[in-house]
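# Breakdown of the fold
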Amino acid sequence: MNQNERICHEKTPQGIQTALDTLAMRKPALSSLVSAFGPVLVAKAGLTARLSENEVNKPELPDSDWARFSKGVHLFAITGLMDFHQEFKQAAHMILPPIAEAFPSIRSDIDAIRRNIADNSLDAGDCVQAFVKNYTRNIAAFAARAGTRPDIFRFALAQIAEPFKEIQARAFAPLIEDHQWPHGHCPMCGSFPAVAGLIGEGEERWLQCSVCAHEWCFRRHTCPRCENKDQNYLEYFFDQDSPVKDGEGVSVCKVCNTYLLTIDLRKYIDPVNMDVAAMGMTGLDIQAREKGYSPQAEMLWNLME
């Protein structure tokens, strides 16, 4: 794999399901985790597969906007998020049921939100606008109408929106190819990575955004979260029980007390789904948390403990 290939992904619903089945067989202790959260990954991939980045309008940005970008302002903050209200109901129908199953403590809330969207008690356009514009009062009002809390309603909207952020990030990727991005947060949506991949002979590190799945190259020995470069405050340890030996590890920063899961993709022959691979590194998650570190970005399976 050369550096121009970036991360060799498996993103089809069928490929993700195969990766989930393989993970459950390789690490039986994680079977319940795979059963709970695997369907969410498959549902989101199914929705993303129905969308086309070719249908996303790509803006012509003036130099002033690129100047903002060069200073660390992510692209979606400049362009705004695509309008997905026409696909909103279908997205809710696909994504919310597995979310409800994955989070039993809020299942009734998620089901209530889904029903209100399905019967048009909640208008798709209003919901999308409230989420995109972060209209707190509107979100609170919609949550009350659905009989749930604003934080749960916002969480549901975020899960519905994620595939649309991913497809917009894919569409916008060519726009930033000639622009440097030396920052640890995502150049597309501004979120932090939850997992990184090492590729190439020089061990280039590519970060994957925890929200829109965009990937970007970032300095190998620098903390993405706080950009600390002092090696005395950076540590790396491996999963000694991993079948790929030192292929799965976690980097921790003692300045901001965060950790980042890391996969050495040179040890894998087939394409890897980074989310499934990260799910398989739950043991490292636990080790890092026990040492007092927090994830640089949450994954679904460690949102609620």
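Positions within a chain are numbered from 1, following the residues in the order the chain's sequence is written. Local features in a predicted model are, by the rule used here, given only for residues with pLDDT of at least 70; side-chain atom pairs are given and counted only at 80 or more, and totals for whole chains, interfaces and linings are based on all residues. Here the side-chain values reflect all heavy atoms present in the structure, with hydrogen atoms and water set aside.

## Some details on helix 6 (residues 107-118)
Counting along an α-helix, one turn takes 3.6 residues, and residues three or four places apart therefore face a common direction. In a regular helix each residue adds 1.5 Å, so 12 residues correspond to 16 Å; helix 6 covers 16 Å between its end C-alpha atoms and thus fits that length. Relative accessible area decides the class of each residue, using a 1.4 Å probe on protein chains only: under 20% of the type maximum gives buried, over 50% gives exposed, and in between gives partly exposed. Secondary structure elements are taken from DSSP: a helix is a run of H or I of four residues or more, a strand is a run of E of two residues or more, and numbering for both begins at the N terminus. Within the sequence span of helix 6, burial applies to Asp109, Ile110, Ala112, Ile113, Asn116 and Ile117. Buried residues along helix 6 cover an arc of 160° about the axis, so they all sit on one side. In this structure, the buried side of helix 6 is in contact with helix 5 (85-102), helix 8 (136-146) and helix 9 (150-172). Positioned one or two residues after helix 6, asparagine 120 has a phi angle of 65°, which is positive. Expected helix span is taken as 1.5 Å per residue step, with the number of steps being one fewer than the number of residues. What the arc describes is the spread of directions from the helix axis to the C-beta atoms. Contacts between residues were defined by any pair of non-hydrogen atoms, one from each residue, lying within 4.5 Å.

## A short note on the nonpolar core
What makes a nonpolar core is a set of buried Ala, Val, Leu, Ile, Met, Phe, Trp, Tyr and Cys residues whose side-chain atoms join them at distances within 4.5 Å. Formed by 95 residues in total, the largest nonpolar core has its most connected members in Phe88, Phe153, Met188, Met279 and Trp301. Take this core: its biggest share by element is 12 residues, from helix 9. For tryptophan 301, the residues in contact, after removing those within four places along its chain, are Leu33, Phe37, Leu41, Asp275, Ala278, Met279 and Thr282.

## Concerning the packing of aromatic side chains
What describes a pair of aromatic rings is the distance from one ring centre to the other and the angle between the planes of the rings. Working definition: a ring pair exists when centres of Phe, Tyr or Trp rings (six-membered ring for Trp) sit within 6.5 Å. Plane angles under 30 degrees give stacked, over 60 give edge-to-face, the rest tilted. If you walk through the whole model with that rule in mind, you get 10 aromatic pairs. Here the aromatic rings of phenylalanine 76 and phenylalanine 172 are separated by 6.0 Å at their centres, their planes lie at 80°, and the arrangement is edge-to-face. Linking phenylalanine 76 in helix 4 (residues 75-79) with phenylalanine 172 in helix 9, this pair joins segments that are 96 residues apart in sequence. Of the two residues examined, phenylalanine 76 and phenylalanine 172, each falls in the buried class. Each ring, one from phenylalanine 142 and one from phenylalanine 153, has its centre 6.3 Å from the other, and the planes form 55°; the classification is tilted. Remark: phenylalanine 153 occurs in helix 9 and phenylalanine 142 occurs in helix 8; sequence separation between them is 11 residues.

## Observations regarding unusual backbone geometry
The residue alanine 213 is not glycine, and still its phi comes out positive at about 65°. On the secondary structure map, alanine 213 appears in the loop between strand 2 (204-209) and strand 3 (215-218). Using a relative accessible area of 14% as the deciding quantity, one classes alanine 213 as buried. A positive phi angle, close to 60°, is found at glutamate 227, a residue other than glycine. Among the secondary structure elements, glutamate 227 is positioned in the loop between strand 3 and strand 4 (234-238).

## Quick look at the packing of helix 2 (residues 31-50) against helix 9
Working note: a packed helix pair is described by the angle between its axes plus the distance between those axes. In this analysis an axis means a line fitted to C-alpha atoms, helices contributing only their contacting stretch, and an angle means the value between N-to-C directions, from 0 to 180 degrees. Two elements in contact, helix 2 and helix 9, have axes separated by 9 Å at closest approach and are oriented at 45°. As judged from the angle between their axes, helix 2 and helix 9 are oblique. By crossing handedness, the relation of helix 2 to helix 9 is classed as right-handed. Here helix 2 contributes Lys44, Leu47 and Thr48 to the contact with helix 9, which in turn contributes Gln159, Glu162, Pro163, Phe164, Glu166, Ile167 and Arg170. Gly counts as polar in this scheme, as do all residues outside two lists: the nonpolar Ala, Val, Leu, Ile, Met, Phe, Trp, Tyr, Cys and Pro, and the charged Asp, Glu, Lys and Arg. In the contact of helix 2 with helix 9, the residues fall into four nonpolar, two polar and four charged. Throughout, the term roughly parallel applies to angles under 35 degrees, roughly antiparallel to angles over 145, roughly perpendicular to angles from 65 to 115, and oblique to all others. Note on convention: near helix rotated counterclockwise from far helix by under a right angle means a left-handed crossing. Clockwise means right-handed.

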